[in-house]
Amino acid sequence: MNIRTRLVAGSLSGLAVLAVAATSPARAADAAHTSRLARVAAAEPVVQTGTLSADAALKIADAAMKEAVKQKQRVSVVIVDRSGATRLVLKGDGAGPQTEESARRKAFTAVSFGRTTAELGKGLTGGGPSIADIPGTLFLGGGVPVASGGAPVAGIGVGGAPSGDIDESIAQAGLKAVAGQLR
């Protein structure tokens, strides 16, 4: 960002604070806080975020697949990073063609919202627009977020078992394999 852009952005932020300050003291404080956050964010051109290592992703997928075999389930396991990009796909022997996409969408949903897909699915009601309308999401059980430092860093998705509860138990077994290593 060049100096002219910074000056314009800073001036606009200041005008926004003044405009809101004229309406109420509480709004002025909120606007000032938002303005400070914008300046801090602008000062930091690189933001560091946590990423699940390839080794941890492999451990998760291996543990999940071992649990699937133990439960006699033919599933796919997909792990996505914080941005939803696929990091790992492991399609089990005999898993159906739909299982990979199902698992990917469950993993994406879990990392996007930081909650299990089964938990999120319980909150869907009514016929109007909802979070279920967001492209790429799937609110069936089997998606589990992976968190580090209180923030989601990855999502685990399992698809292919006859119920979401079984898919989720398999994903949870995968998470358990690295749970002690997450900070």
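All of these numbers come straight from a predicted model, not from anything done at the bench.

**Quick word on the packing of helix 3 (residues 54-70) against helix 6 (residues 164-176)**
Consideration 1: In the contact formed by helix 3 and helix 6, the axes pass within 7 Å of each other and the chain directions differ by 140°. If you check the angle between helix 3 and helix 6, you find them oblique. For the pair helix 3 and helix 6, the crossing hand works out as right-handed. Across the interface between the two elements, Ile60, Ala63, Ala64, Glu67 and Ala68 from helix 3 touch Ser169, Ile170, Ala173, Gly174 and Leu175 from helix 6.
Consideration 2: Of the residues contributing to the contact of helix 3 with helix 6, the split by class is 7 nonpolar, 2 polar and 1 charged.

**Describing the packing of aromatic side chains**
Consideration 1: Counted by the stated rule, this structure contains 1 aromatic pair.
Consideration 2: A centroid spacing of 6.1 Å and a plane angle of 50° characterise the contact between Phe113 and Phe139, whose relative ring orientation is tilted. Of this pair, Phe113 sits in helix 4 (residues 99-113) while Phe139 sits in the loop between helix 5 (117-122) and strand 3 (143-148), and the two are 26 residues apart along the sequence.

**A few points about the pattern of salt bridges**
Consideration 1: All chains considered together, the criterion is met by 7 salt bridges.
Consideration 2: For Arg104, the salt bridge identified is with Glu100, shortest N-O distance 2.8 Å. Pair noted here: Arg104 and Glu100 are both in helix 4, with a separation of 4 residues, about one helical turn.
Consideration 3: Overall, the relative accessible area of 23% leaves Arg104 in the partly exposed class.
Consideration 4: Here Arg115 makes a salt bridge to Glu119, at a shortest N to O gap of 3.3 Å.
Consideration 5: Arg115 gets classed as partly exposed once you look at its relative accessible area, which sits at 37%.
Consideration 6: Linked through salt bridges whose partners overlap, the residues forming this network are Glu100, Glu101 and Arg104.

Cut-offs used in this document
The residue numbers shown here count from 1 along each chain, following its written sequence. Residue-level local features of this predicted model are given only where pLDDT is at least 70; pairs of side-chain atoms are given and counted only at 80 or more, and the full residue set underlies all totals for whole chains, interfaces and linings. Hydrogens are left out, water is left out, and the side-chain values use all remaining heavy atoms of the structure. Between N-to-C directions, angles cover 0 to 180 degrees, with each direction set by a line fitted to C-alpha atoms, over the stretch in contact for helices. The way it works is that DSSP assigns letters per residue, a run of H or I at least four long becomes a helix, a run of E at least two long becomes a strand, and they are numbered from the N terminus. Working definition: roughly parallel below 35 degrees, roughly antiparallel above 145 degrees, roughly perpendicular at 65 to 115 degrees, and oblique for all remaining angles. Working rule for handedness: look at the near helix, and if it is turned counterclockwise from the far one by less than a right angle, call the crossing left-handed; if clockwise, right-handed. For this analysis, residues touch if any pair of their heavy atoms sits within 4.5 Å. Classes in brief: Ala, Val, Leu, Ile, Met, Phe, Trp, Tyr, Cys and Pro nonpolar; Asp, Glu, Lys and Arg charged; the others, Gly included, polar. Each Phe, Tyr or Trp ring, with Trp reduced to its six-membered ring, pairs with another whose centre is within 6.5 Å; inter-plane angles below 30 degrees give stacked pairs, above 60 give edge-to-face pairs, and intermediate values give tilted ones. Salt bridges are identified by distance alone: a Lys or Arg side-chain nitrogen within 4 Å of an Asp or Glu carboxyl oxygen. Think of it in three bands: residues with accessible area under 20% of the maximum for their type are buried, residues over 50% are exposed, and the middle band is partly exposed, with areas taken using a 1.4 Å probe on protein chains only.

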